[in-house]
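Next come the chains, spelled out residue by residue.
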Amino acid sequence: MATRSLYRSAAAKRLFVAAPRCARLYSSGSSGSSNSNAADKETHFGFQTVKESLKASKVAEVFSSVAASYDTMNDVMSFGIHRLWKDHFVRSLDPGRKPGGQPLKILDVAGGTGDIAFRMLDNAAKVHHDFETSVIVADINGDMLREGEKRALAAGYLPSDRISFKVEDAETLNTIPSNSVDLYTISFGIRNVTRIQEALKSAHRVLKPGGVFACMEFSKVSPAPLDAIYQQYSFSVIPLMGQLVAGDRDSYQYLVESIKRFPSQQEFAQMIRDAGFLTAGRGYDELTFGVASIWKGIKPLEVKK
Amino acid sequence: MAILTHLPRQLLPTTPGRLFLLLPATTRAFSALSRPPPNYPGHVPLTTPERVLLGAGSALVCFFNPRRADLIAACGEATAVPYFIYRLRDAMLRDATGRRILRERPRITSKSLDLAQLRRLRDGSVGREYVRWLDRERVSPDTRSAVRYIDDPECAYVMQRYRECHDFYHALTGLPVVREGEVALKAFEFANTLIPMTGLSMFSVLTLKPRERRRMWATYFPWAVRNGLGAKEVINVYWEEELETDVDTLRSRLGIEMPPDMRSIRKAEKERQRREKEMMKGV
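Throughout this document, residue positions are counted from 1 along each chain, in the order its sequence is written. Each chain takes a letter, starting from A, and each ligand takes a number, starting from 1, following the order in which they are written. Thresholds applied to this predicted model are a pLDDT of at least 70 for local features of residues and 80 or more for the giving and counting of side-chain atom pairs; totals over whole chains, interfaces and linings are not thresholded and use all residues. Only heavy atoms go into the side-chain values, all of them from the structure, while hydrogens and water stay out.

**With respect to the overall build of chain A**
Step number 1: Numbering of helices and strands starts at the N terminus; helices are DSSP runs of H or I of at least 4 residues and strands are runs of E of at least 2. When helices and strands are counted, chain A shows 11 helices and 9 strands.
Step number 2: Any residue under 20% of the maximum accessible area for its type is buried, any over 50% is exposed, and the rest in between are partly exposed; the area is computed with a 1.4 Å probe on protein chains only. Out of the 305 residues belonging to chain A, those deemed buried represent 53%.
Step number 3: Contact definition: two residues touch when any of their heavy atoms are within 4.5 Å. A fraction of 74% describes how many contacts in chain A between residues 6 or more apart in sequence connect residues 24 or more apart.
Step number 4: In the form shown here, chain A has an accessible surface area of approximately 13600 Å², with 58% of it arising from carbon and sulfur atoms. Throughout, the Shrake-Rupley method with a 1.4 Å probe supplies accessible areas, and for residues the shown protein chains are the sole cover considered.

Put into C-alpha cells, the structure is as follows:
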C-alpha cells in the first residue's frame, strides 16, 4: 500500500521492534515475506508489517499486558487530560431518555475498562433521571473486560441490567443484531482494529436508522511546530514511561506508532462517510490542538419509496 | 582529535586509548523519531537525554521498589555507558578465559542448567553449592531480562553475562537474597566490576534497618571492598566449566574469602530479640 511505504521511508528505518513476547507469534516482519499466501494480506502493527490474521492477536497481547496499569499509564501519558476528553465526549453526546422518548441502547466498542460506559450511565441518571438506558461494553480483549467488570461491581453498576460486558471483534460484532443500537461509541480503540473500514461497516449495520456513531481517537496535531514537539514527546517520553511505570516498553512503543499510523482527521471523516454515515460540517471536532478528535456520524433513515 | 575518533578502538594506543573509552560507541547524532537500526534483536538505541532520563527514573523507582528487577537492569544499562561497560569488556579481553567467554558467548538460563544433574554432583563442588544456595533461598535461575539499551553488541553480551552470573556470585559468597545480602553483594560487585548501577545500589543502605546498617558498615562493606578490589575479575570465570571444581579451590584461586554467614547472624539476632520480648512480657 502506498501509505505503508510512505511511513516506512519517512519514519524510523528500524524494521524490528521485536520483543521476545512478540517474536513468538510471527517470523517475518520485513519485506522478505515474498512467499506469503496471497489470501493472507499484510497490514501494519505500529511500524512493523505483519500478516492480517496475526494483527488481532498481537493487539490482544498488547492490551493484556497493559490492562492492569491502563489507567495509571493514561494519566501519566496525557497528564490526566484524557479524563477531560472523555467527560467532554460523553457530555457532548448527552445520552439518556429525552422527554417523550425511549431509553437508549448504547454499544461501547473497545471500551474494556468501562471508562466511557460509566460516564454514559451517570449522564443518563443524573441529567435525565434515566435508569433504564443500558450499555453493552464490547472488547476483543477479555482481560480489559474483566478489569471493567471489577470496576462496575465496585462502583455499583453491577449487578443490574444497565451494563453488560461482551467479548466482540469490532470488525464483525457477531452477537449484536442489526439495527438494534441507538448510540455506537468507540473511544481510543479504532486505531487498533485491523480493517478499520470493516469496523465502520459493522457499526453501520448494528445502528438503528437515525442512530449516532461517535468515535474519539488520537489525530494529527497542527500547527507543525507543535506537532514536532508532540512527536518528540510521543516517541521519547511515552515508551520510557511505559518502561518505568508498567515495565513494558514495547506495548507503549506500539501505541505511539499506531497513533502515528492512524489516518488524518479529514481522511477518517471521509472513511466514515464511505461507510454510509451522514456527517455534519467537516465531520470532526478537534481537542487539545488535534492530539485527539471526535468524529460523529448519523445512520440515515430509510428512504420510504 | 577528530582523526583519532575515526580509528577503530583496537588501534588506539593503550594508555591514552583508555580515555577514548569515554566516547560513545556511535558518534552519529539521531533523534527519537529516526533511530538507527538495531544492532541486535531487542536493541533500542537511546539518545543521551533519554538515557539520562531512564537512568535517573529507574534509579528513583528502584530505590522505593527494589522488587522491580527489570528497572534495576535498565538502570544498569543506562548508566554503564560511556566508560564502564567498555572497561569491563576490556578486562575480559585481557584474560584468556575472558576472551574465550566473549568468543563462545555462553548463556545461563533456566533451561541451560540441569538442576537435577547439579544436585547429584559432589558436595563442595561449585555446582552442588550453587544448587544448595538456590534451594536454601528458594529461588530459581530465572530468566534475567535481556539487555536492550547498550549499543555495542559485545558489550551488551558482557552486561547480559554479568546479569546471568549474579546468582553464582551469591553462591560463591554465601550471601542470601534478603535486602541486606543483596546490598553487600552489590558492594562486592562494584569493587570488582565497577558497574555504576552496583555503586548506585549503595543508596539502598538507607532503607535498611539500623541494626542491619551497623552490620553493613562494620563487617560487610569492609569485606566487600577488600575482596572486590583484591580478587580477580569474577566476570572472567567460565562458570559452565567450573561446576565440578571444588568451591574452596575456586575461592582461593580468585582470592575471595567468605563473609560471616548472614543468615545465621540474622537468625541468631531474631532469636535474641524474641527472647528479650518474652522476658519483657514476663516482667
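**Observations regarding the overall build of chain B**
Step number 1: Scanning chain B from terminus to terminus reveals 14 helices and 0 strands.
Step number 2: Secondary structure elements in chain B, listed N-terminal to C-terminal, are α-α-α-α-α-α-α-α-α-α-α-α-α-α.
Step number 3: Within chain B, contacts between residues separated by at least 24 positions form 69% of all contacts whose residues are at least 6 apart in sequence.
Step number 4: Carbon and sulfur atoms form 60% of the exposed surface of chain B, whose accessible area is close to 14600 Å².

**Description of the nonpolar core**
Step number 1: Ranked by size, the top nonpolar core spans 60 residues in total, and within it Ile85 and Trp239 of chain B carry the most contacts.
Step number 2: Mapped by element, the contributors of at least two residues to this core are helix H4 (69-80), helix H5 (84-94), helix H6 (96-104), helix H8 (126-137), helix H9 (153-173), helix H10 (179-193), helix H12 (210-230) and helix H13 (247-254) of chain B.
Step number 3: The element contributing the most residues to this core is H9 of chain B, with 11 residues.
Step number 4: If near-sequence neighbours (up to four positions away) are discounted, Ile85 of chain B is found in contact with Ala80, Ile150, Cys155, Val158 and Met159 of chain B.
Step number 5: Leu104, Phe165, Phe218 and Ile294 of chain A belong to the second largest nonpolar core, which has 31 residues in total. Put simply, a nonpolar core is a bunch of buried Ala, Val, Leu, Ile, Met, Phe, Trp, Tyr and Cys residues held in one set by side-chain atoms that sit within 4.5 Å of each other.

**A few points about the packing of aromatic side chains**
Step number 1: The criterion for an aromatic pair is that two Phe, Tyr or Trp rings (for Trp, the six-membered ring) have centres within 6.5 Å, with stacked assigned to planes under 30 degrees apart, edge-to-face to planes over 60 apart and tilted to the rest. In this structure the tally under the stated criterion is 17 aromatic pairs over all chains.
Step number 2: Here the aromatic rings of Trp85 of chain A and Phe218 of chain A are separated by 6.2 Å at their centres, their planes lie at 80°, and the arrangement is edge-to-face. With Trp85 of chain A in helix H5 (residues 81-93) and Phe218 of chain A in strand S7 (residues 207-218), this residue pair connects regions lying 133 residues apart in the sequence. With respect to burial, Trp85 of chain A and Phe218 of chain A carry one shared label: buried.
Step number 3: Centroid distance Trp217 of chain B to Phe221 of chain B: 5.0 Å. Interplanar angle 80°. Geometry classified as edge-to-face. One end of the pair is Trp217 of chain B and the other is Phe221 of chain B, both in helix H12 and 4 residues apart, which spans about a single turn.
Step number 4: Residue classification places Trp217 of chain B among the exposed residues on the basis of a relative accessible area of 57%.
Step number 5: Accessibility expressed as a relative area gives 12% for Phe221 of chain B, which makes it buried.

**With respect to the sheet that holds strand S5 (residues 163-167) of chain A**
All names here are of chain A.
Step number 1: The pairing criterion for strands is at least two bridges between them, as found by DSSP. Taken in spatial order, the 7 strands make up an open sheet running S5-S4-S3-S6-S7-S9-S8, and their pairing is mixed. If you trace the sheet from one side to the other, it starts and ends with S5 and strand S8 (284-287), each paired once. For this sheet, the mean inter-axis angle between neighbouring strands, taken without regard to orientation, is 15°. Axis angles are defined between N-to-C directions and span 0 to 180 degrees, where every axis is a line fitted to C-alpha atoms and, for a helix, only to the segment in contact.

**Remarks on helix H7 (residues 142-155) of chain A**
All names here are of chain A.
Step number 1: The span one expects for a helix is its residue count, reduced by one, times 1.5 Å. For H7, which comprises 14 residues, the first-to-last C-alpha distance of 20 Å matches the rise-based estimate of 20 Å (1.5 Å per residue) to within 8%.
Step number 2: Those residues of H7 not exposed but buried are Met144, Leu145, Glu147, Gly148 and Ala152. Around the axis of H7, the buried residues are gathered within 155° of arc, so they sit on the same side. H7 presents Lys150, Leu153 and Ala154 as exposed residues on the side facing more than 90 degrees away from its buried surface. Arc definition: directions from the helix axis to the C-beta atoms.

**A word on the interface of chain A and chain B**
Step number 1: Opposite the 18 residues of chain A that make contact, chain B presents 19 residues.
Step number 2: The quantity reported as buried area is the accessible area (1.4 Å probe) lost by two parts once they are put together, taken as the sum for both. Between chain A and chain B the total buried area reaches about 1600 Å² when both faces are included, carbon and sulfur atoms providing 55% of it.
Step number 3: Each reported salt bridge corresponds to a side-chain nitrogen of Lys or Arg within 4 Å of a carboxyl oxygen of Asp or Glu. Summed over the shared surface of chain A and chain B, the result is 1 salt bridge.
Step number 4: Where the side of chain A that touches chain B is concerned, the elements lending two or more residues are helix H9 (224-246) and helix H10 (249-261) of chain A.
Step number 5: No other element matches the 9 residues that H9 of chain A contributes to the side of chain A that touches chain B.
Step number 6: Of the residues assigned to the side of chain A that touches chain B, the class counts are 9 nonpolar, 5 polar and 4 charged. We call Asp, Glu, Lys and Arg charged. Ala, Val, Leu, Ile, Met, Phe, Trp, Tyr, Cys and Pro are nonpolar, and the rest, Gly among them, are polar.

**Brief notes about the UniProt feature "binding site: Zn(2+)" (unreviewed entry) in chain B**
Residue and element names in this part refer to chain B.
Step number 1: UniProt positions are given in the numbering used here, feature names are shortened, and annotations may be inferred rather than shown by experiment. In the UniProt entry, the feature "binding site: Zn(2+)" (unreviewed entry) is given for His166, Asp167, His170 and Glu182. For the residues just named, distributed over 17 residues, the greatest C-alpha separation is only 10.5 Å, placing them together at one site.
Step number 2: Of note, His170 is situated in helix H9.
Step number 3: Here Glu182 lies in helix H10.

**As for the confidence of the model for chain A**
Step number 1: With 84% of its residues at a pLDDT of 70 or more, chain A has an overall mean of 83.
Step number 2: Note on residues 1-39 of chain A: pLDDT is under 50 here. Beyond four places in sequence and across chains, it has 47 contacts. The pLDDT value expresses, per residue, how confident the predictor is, ranging between 0 and 100.

**Examining H12 of chain B**
All names here are of chain B.
Step number 1: Here H12 spans 29 Å end to end across 21 residues, near enough to the 30 Å set by a 1.5 Å rise per residue.
Step number 2: The sharpest bend along H12 comes to roughly 45°, located at Met216.
Step number 3: Among the residues of H12, Glu212, Arg215, Met216, Tyr220, Phe221, Trp223, Ala224, Asn227 and Gly228 are the ones counted as buried.
Step number 4: Next to the buried residues of H12 lie H9, H10 and helix H14 (262-282). The bend reported for a residue corresponds to the angle between axes fitted to the seven residues ending at that residue and the seven starting there.

**Some thoughts on the UniProt feature "binding site: S-adenosyl-L-methionine" (unreviewed entry) in chain A**
Residue and element names in this part refer to chain A.
Step number 1: Within this numbering scheme, the UniProt entry marks Thr113, Asp139, Asp169, Ala170 and Ser187 as carrying the feature "binding site: S-adenosyl-L-methionine" (unreviewed entry).
Step number 2: Residue placement: Thr113 occurs in the loop between strand S3 (105-109) and helix H6 (115-128).
Step number 3: Given a relative accessible area of 4%, Thr113 falls into the buried group.
Step number 4: Aside from chain neighbours lying at most four places away, what touches Thr113 is Tyr70, Phe118, Met144, Glu147, Gly148 and Arg151.
Step number 5: Take Asp169: it is sitting in the loop between S5 and strand S6 (181-187).

**Brief notes about the pattern of salt bridges**
Residues and elements named next belong to chain B.
Step number 1: In total, this model carries 41 salt bridges over all chains according to the counting rule given.
Step number 2: Ionic pairing is found between Asp151 and Arg51, a salt bridge with its closest N-O pair at 3.8 Å. Of this pair, Asp151 sits in the loop between H8 and H9 while Arg51 sits in helix H3 (residues 48-64), and the two are 100 residues apart along the sequence.
Step number 3: On the basis of relative accessible area, Arg51 is assigned to the buried category, the value being 11%.
Step number 4: Measuring nitrogen to oxygen at the nearest pair gives 3.0 Å for the salt bridge that ties Glu278 to Arg274. Here the residue Glu278 and the residue Arg274 both occupy positions in helix H14, the gap between them amounting to 4 residues, near one helical turn.

**Digging into a positive patch on the surface**
All names here are of chain B.
Step number 1: A contiguous patch of positive charge on the surface is contributed by Arg67, Arg179, Lys209 and Lys270.
Step number 2: Structurally, Arg179 can be placed in helix H10.
Step number 3: Classification of Arg179 by relative accessible area gives partly exposed; the value is 39%. Here the term patch refers to residues with relative accessible area over 30% and no salt bridge, with like charges joined within 9 Å and nonpolar side chains (Val, Leu, Ile, Met, Phe, Trp, Tyr) within 5 Å. In this count, Lys and Arg are taken as positive residues and Asp and Glu as negative ones, while His and the chain termini are left out. To locate a charge, take atom NZ for lysine, CZ for arginine, CG for aspartate or CD for glutamate.

**With respect to the environment of Asp167 of chain B**
Step number 1: When you line up the elements, Asp167 of chain B lands in helix H9.
Step number 2: Dropping the residues within four chain positions of it, Asp167 of chain B is found in contact with Tyr130, Trp133, Ser140, Pro141 and Arg144 of chain B.

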